[in-house]
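# Summary of the model geometry
Here is how the chains run, residue by residue.
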Amino acid sequence: MNAGTISFLRQVYREYYFRRARSIEFPRDVHTREFGYIPFGGGMVRHLSFRSGGEAVAEILKQSPSSVYCSNARYESPAAPIEEKGWLGAELIFDIDATDIPTPCKKGHDLWYCEKCLSSGRLPRPSNCLKCGGPAVEFHGTCEVCMAAAKEHALRVVDFLTEDFGVTLRAITIFFSGNRGYHLQVSDERFYLLDQLGRAEVADYMTGTSLPPSTTIASTLRRRHADAGPQGKGWSRRINGYVEGKREEYPGTMQRLASDAVASQRAMIDSSVTTDIHRVFRLAGTLHGNTGMCKMRVESVDRFDSQRDPVVLSAKPVAIKADFYPRFMVNGVEFGPFKSQMVELPTYAAVSILTRGLGEVA
Ligand SMILES: [Zn+2]
Ligand SMILES: [Zn+2]
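Now for a description of the structure that goes with this document. Here the structure is a predicted model, which means the values were calculated and not measured.

### Observations regarding the packing of aromatic side chains
With the rule as written, the count across this model stands at 16 aromatic pairs. When the centroid spacing of 5.9 Å and the interplanar angle of 75° are considered together, the rings of Phe-160 and Tyr-205 count as edge-to-face. You can see Phe-160 sitting in helix α4 (residues 144-164) and its partner Tyr-205 sitting in helix α6 (residues 196-207), a full 45 residues away along the chain. For the pair shown, Phe-160 and Tyr-205 are each scored as buried. Between Phe-328 and Phe-335, the aromatic rings sit 5.5 Å apart at their centres with planes inclined by 35°, giving tilted as the arrangement. Comparing Phe-328 with Phe-335 shows no difference in burial state: the two are buried. Taken together, the aromatic side chains of Phe-139, Tyr-325, Phe-328, Phe-335 and Tyr-348 make up a single cluster linked through ring pairs. The ring of Trp-235 carries Arg-238 above its face, with NZ or CZ at 5.7 Å from the centroid.

### What about the coordination of the zinc ion (ligand 1)?
Protein-derived ligands of the zinc ion (ligand 1) are Cys-114 (SG), Cys-117 (SG), Cys-129 (SG) and Cys-132 (SG), with the metal-ligand distances lying across 2.2 to 2.3 Å. One can describe the donor arrangement at the zinc ion (ligand 1) as tetrahedral, given that its four donor atoms subtend angles of 103 to 115° at the metal. All donors to the zinc ion (ligand 1) come from one chain, and their sequence spacing reads C-x2-C-x11-C-x2-C. Taken together, the residues span a long stretch of sequence, with Cys-114 in strand β7 (residues 110-114) and Cys-132 in the loop between β8 (120-122) and β9 (136-140) at a distance of 18 residues. For Cys-114, a relative accessible area of 0% gives the class buried.

### What to know about α4
Under the 1.5 Å per step criterion, the end-to-end length of α4 is 29 Å for 21 residues, consistent within 8% with the ideal 30 Å. Along α4, the residues that are buried comprise Cys-146, Met-147, Ala-149, Ala-150, Lys-151, His-153, Ala-154, Arg-156, Val-157, Val-158, Phe-160 and Leu-161. Backbone geometry just after α4 places Gly-166 at a positive phi near 65°.

### Here's the deal with the nonpolar core
Ranked by size, the top nonpolar core spans 85 residues in total, and within it Phe-94, Leu-161 and Leu-184 carry the most contacts. In terms of residue count, the dominant contributor to this core is α4 (nine residues). In contact with Leu-161, not counting residues within four places along its chain, are Leu-92, Phe-94, Gly-166, Val-167, Ile-172, Leu-184, Val-186 and Met-206.

Conventions and cut-offs
Residues numbered from 1 in each chain as written. Chains lettered and ligands numbered in written order. Predicted model: local features only at pLDDT ≥ 70, side-chain atom pairs only at ≥ 80, totals over all residues. Heavy atoms only, no water. Phe/Tyr/Trp six-rings, centres within 6.5 Å; stacked < 30°, edge-to-face > 60°. Helix = DSSP H or I, 4+ residues; strand = E, 2+ residues; numbered from the N terminus. Buried < 20%, exposed > 50% of the residue type's maximum accessible area, 1.4 Å probe, protein only. Lys NZ or Arg CZ within 6 Å of the ring centre and 35° of its normal. Donors = N, O, S within 2.8 Å, 3.2 Å for Na, K, Ca; no water. Tetrahedral: all angles 85-135°; square planar, octahedral: opposite > 155°, others 65-115°. Expected span 1.5 Å × (residues − 1). Core = buried A, V, L, I, M, F, W, Y, C linked by side-chain atoms within 4.5 Å. Contact = heavy atoms within 4.5 Å.

The structure is reproduced here in structure tokens:
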């Protein structure tokens, strides 16, 4: 990324923060949170703290960074090194990313390309470019199918939280992540003091990694046979519902039925995010460093359009030299594919290419 591109991106992001500083959503007790950011063309800066949202906004405007983060944890001394921060608890968080959900369309939009000669091909990525031996890197695209899958998994997390953990809907906030997924934040005091192991149990339960013995497939089926009563709760209900639908013609074994029942209903969350009690998480209302889209609160999951609603940068045309970029859709418009060419694009589309280092401002 050359100096001209860095200064262009900072300018674009600064304009957004100047216009829309009020859409940044700070958590309660701002002074107890750790903040961090990644400047364009630079590395992560962490262990910052601000006395108020206003003070944080001033710094965001000054830096106009590529990404802004804030801890879900509260600390006595948020700017101190991790061991000395004095952890006071943290909201429970979830990260759902379409990249981790195996959708059949990935073959069509995920690929590798060579950083040297720009040739490309289907995954799996070879260790070196097949043409010139240069470095091959993966490129993950996205599409409506992937984004619908991410939405579906976000709703599964909501279902687990409300049905199995008794969390009220009001305590759950859903955000679009700014890229390929959703973030959920739970403001329920029962989870605040949960340590890493406790959070891992919650994550494992939702991913179906470790089911409690009472909900193994055998015990679920046994109970169903014994009293044919109500469908039970939690995973029992989910497994029963699945088995009910498959009763007529199921070709597989019991083992297979069990794993199918779980696989079709687990929530594919990134467990490392939920279990990390010292995480800094993208701040709501700020721009994603790779897309220029906004991490924003989702009021109605059904109506939310992840390809249009989070597009907040202008359509002002900018001329760039694109080295390489597959076809992509944003704001209802299709762009690309591009390979070593000059092209004029709306700012909101150019940003994706520039931030990934796949083009420079002309
Ligand atoms: Zn090559
Ligand atoms: Zn897809």
